[in-house]
Amino acid sequence: MTNRKRVAIVPCSCIGKTYGTVSREAAYEVTEDMRPAETQLVPLSLLVLGDEAARAAVAETPAVTIDGCKLACATKMVKDSGGTVAQDFAVLDVYRRYKPFKPQGIAELNEGGQKLAHVLAEEIAGVVDTLGASSEGDQNA
Ligand code: SF4
């Protein structure tokens, strides 16, 4: 692993909304399976509580936020915590691009929701790769 900083992945936190569940599932897939060395999950709830470690994580690294609706809680909270949002994803926008993957369910997503979370995770991983490449360029400058 290099010494470059890990990208903060911040999903929004509504427990009762399908799009919120998609946002968290995508975040888990990126941070646990796809890019575990390059990313870290920062729960929105910890930012809301003012947790020092969570605030430091978004202050020190670029963040990728994932919001389940237009209220954009994750994006707003990262900015309010002094962080920089490198890319903000809205689940609804992603769904508009992948209409066959209609998400349903809350505690457990249907197949469409799982597929939507997966393609969203792939898009996030692509952003993480771009951020990593640019920070390596900075180190070599
Ligand atoms: S962005 Fe929407 S779905 Fe996500 S936590 Fe806020 S209100 Fe809930």
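Quantities reported herein were computed from a predicted structural model and do not represent experimental measurements. (Residues numbered from 1 in each chain as written. Predicted model: local features only at pLDDT ≥ 70, side-chain atom pairs only at ≥ 80, totals over all residues. Heavy atoms only, no water.)

Trainee: How should the packing of aromatic side chains be read in this particular structure?
Mentor: Two aromatic rings, taken as a pair, are described by how far apart their centres are and by the angle between their planes. Counted by the stated rule, this structure contains two aromatic pairs. Look at Y19 and Y95: their rings are 6.5 Å apart centre to centre, the planes differ by 50 degrees, and that puts the pair in the tilted class. Linking Y19 in helix α1 (residues 18-34) with Y95 in helix α5 (residues 91-97), this pair joins segments that are 76 residues apart in sequence. By relative accessible area, which is 10% here, Y95 ends up buried. Relative to F101, the ring of Y98 lies with its centre 6.1 Å away and its plane at 0 degrees, an arrangement referred to as stacked. Residue Y98 is classed as partly exposed on the basis of its relative accessible area, which comes to 26%. (Phe/Tyr/Trp six-rings, centres within 6.5 Å; stacked < 30°, edge-to-face > 60°. Helix = DSSP H or I, 4+ residues; strand = E, 2+ residues; numbered from the N terminus. Buried < 20%, exposed > 50% of the residue type's maximum accessible area, 1.4 Å probe, protein only.)

Trainee: Got a minute to help me understand helix α4 (residues 73-80) in this structure?
Mentor: Along an α-helix, a turn takes 3.6 residues, which lines up residues three or four apart on a common side. Within the sequence span of α4, burial applies to A74, T75, M77 and V78. Projected onto a plane normal to the axis of α4, the buried residues spread over an arc of 170 degrees and lie on a single side. Of the exposed residues in α4, the ones pointing more than 90 degrees away from its buried face are K79 and D80. Lining the buried residues of α4 we find β1 (7-11), α2 (44-48), α3 (52-60), β3 (62-67) and β4 (84-90). Residue G82 follows α4 closely and has a positive phi angle near 90 degrees. (Arc of directions from axis to C-beta. Contact = heavy atoms within 4.5 Å.)

Trainee: Help me understand unusual backbone geometry, please; the structure alone is not making it clear to me.
Mentor: Note on backbone geometry: most residues besides glycine have negative phi, and most peptide bonds are trans. A positive phi angle, close to 50 degrees, is found at A72, a residue other than glycine. Mapped onto the elements, A72 comes out in the loop between β3 and α4.

Trainee: What is the right way to look at the nonpolar core in this model?
Mentor: Generally speaking, a soluble globular protein has its nonpolar side chains buried in company with each other. Membership of the largest hydrophobic core comes to 22 residues, with the highest contact counts inside it found for I9, V64, I66, F89, L120 and I124. At the level of secondary structure, the elements contributing two or more residues to this core comprise β1, α1, β3, α5 and α6 (111-140). Sorting elements by how many residues they give to this core places α6 first, with nine residues. Here L120 is in contact with V22, A26, I66, F89, V91 and V94, once residues within four sequence places are set aside. The next biggest cluster of nonpolar side chains, apart from the first, holds 14 residues, and it includes A8, C12, A54 and A57. (Core = buried A, V, L, I, M, F, W, Y, C linked by side-chain atoms within 4.5 Å.)

Trainee: Help me understand the site of the ligand in this model?
Mentor: All residues in the neighbourhood of the ligand are listed as C12, S13, C14, K17, D67, G68, C69, L71, A72 and C73. Residues belonging to the shell around the ligand are distributed by class as follows: six nonpolar, two polar and two charged. (Near = heavy atom within 4 Å. Nonpolar A, V, L, I, M, F, W, Y, C, P; charged D, E, K, R; others polar.)

Trainee: Where do I start with the environment of A54 in this structure?
Mentor: Tracing the backbone shows A54 in helix α3. As a C-alpha pair, A54 and V42 span twelve residues in sequence and 6.1 Å in three-dimensional space. Contact partners of A54, with chain neighbours within four places excluded, come to V42, L46 and L47.

Trainee: Just to check I follow, could you spell out the side chain of T65 for this structure?
Mentor: Along the chain, T65 turns up in strand β3. Note on T65: relative accessible area 0%, which makes it buried.

Trainee: How should the pairing of β1 be read in this particular structure?
Mentor: Where a strand is regular, its side chains alternate between the two sheet faces. Among the five residues that make up β1, five are buried, leaving the element largely enclosed by the rest of the structure. Here β1 shows no split at all, with V7, I9 and P11 on one side and A8 and V10 on the other all buried. Pairing between β1 and strand β2 (residues 39-41): three bridges, direction parallel. Across the sheet, V7 pairs through a bridge with T39, a residue of β2. After leaving β1, the chain enters α1 and then returns to the sheet as β2, a path that is right-handed. (Pairing = 2+ DSSP bridges. Right-handed = clockwise from strand over helix to strand, strands pointing away.)

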